[in-house]
Amino acid sequence: MNPIPVTWCLAGAGAAALLGAWGGWTVNDWRHDSQALSNMEAAVKKLDAARAAIDRTATTYEQEKQDASIQSTVRESTIREIYKDRAVPADCAVPDAARSVLDNAVDAANARASGQPASAVPGAAQAATPAH
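Our subject in this report is the structure included herewith. (Residues numbered from 1 in each chain as written. Predicted model: local features only at pLDDT ≥ 70, side-chain atom pairs only at ≥ 80, totals over all residues. Heavy atoms only, no water.)

1. What to know about helix H2 (residues 96-113)
Link 1 in the chain: The first and last C-alpha atoms of H2 sit 25 Å apart over 18 residues, in line with the 26 Å expected at 1.5 Å per residue.
Link 2 in the chain: The secondary structure elements touched by the buried residues of H2 are helix H1 (6-83).
Link 3 in the chain: Of the residues one or two after H2, Gly115 is the one with positive phi, at around 90 degrees. (Helix = DSSP H or I, 4+ residues; strand = E, 2+ residues; numbered from the N terminus. Expected span 1.5 Å × (residues − 1). Contact = heavy atoms within 4.5 Å.)

Right under this line is the structure:
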């Protein structure tokens, strides 16, 4: 004969099964929490990488913007020098010096728009004189 009644054995087996199920549920919950945490960390790394790429792009843009502003100022002053105290002819023809400055400005803007480095204004260092 068994000194422990069968009902107690069944109750103990049921309690052990419940305790095992609860433990398995808890461990599975911990595993899911760990997986969620690792997914969150991976997302934060991707976000930091994207933020760094945007910062690099913004820095490059600001530098290009400053360079373009300087070149624009040089072009404007060159154009002002060309047209200073000049009477506009009746046929409104653009002097060759001004045309070359404008062509250079268009070429530089097109180069910047296509992502290529823009060259400096070739006539900026020397005073441009219009041809009569």
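2. Considering the packing of H1 against H2
Link 1 in the chain: Where H1 meets H2, the closest approach of the two axes is 10 Å, and the angle between their N-to-C directions is 170 degrees. Between H1 and H2, the interaxial angle falls into the category roughly antiparallel. Judged by residue contacts, Glu64, Ala68, Gln71, Arg75, Thr78, Ile79, Ile82 and Tyr83 of H1 engage Ala97, Ala98, Val101, Leu102, Asn104, Ala105, Ala108 and Arg112 from H2.
Link 2 in the chain: For the contact of H1 with H2, a count of residues per class yields 10 nonpolar, 3 polar and 3 charged. (Axes fitted to C-alpha atoms, helices over the stretch in contact; angles between N-to-C directions. Parallel < 35°, antiparallel > 145°, perpendicular 65-115°, else oblique. Nonpolar A, V, L, I, M, F, W, Y, C, P; charged D, E, K, R; others polar.)

3. Quick word on a nonpolar patch on the surface
Link 1 in the chain: A surface patch of nonpolar side chains, about 290 Å² in accessible area, is lined by Leu37, Met40 and Val44.
Link 2 in the chain: Locating Met40 in the fold gives a position in helix H1. (Patch = residues over 30% accessible without salt bridge, like charges linked within 9 Å, V, L, I, M, F, W, Y side chains within 5 Å. Areas by Shrake-Rupley, 256 points an atom, 1.4 Å probe, with all protein chains shown as cover. Salt bridge = Lys/Arg side-chain N within 4 Å of Asp/Glu carboxyl O.)

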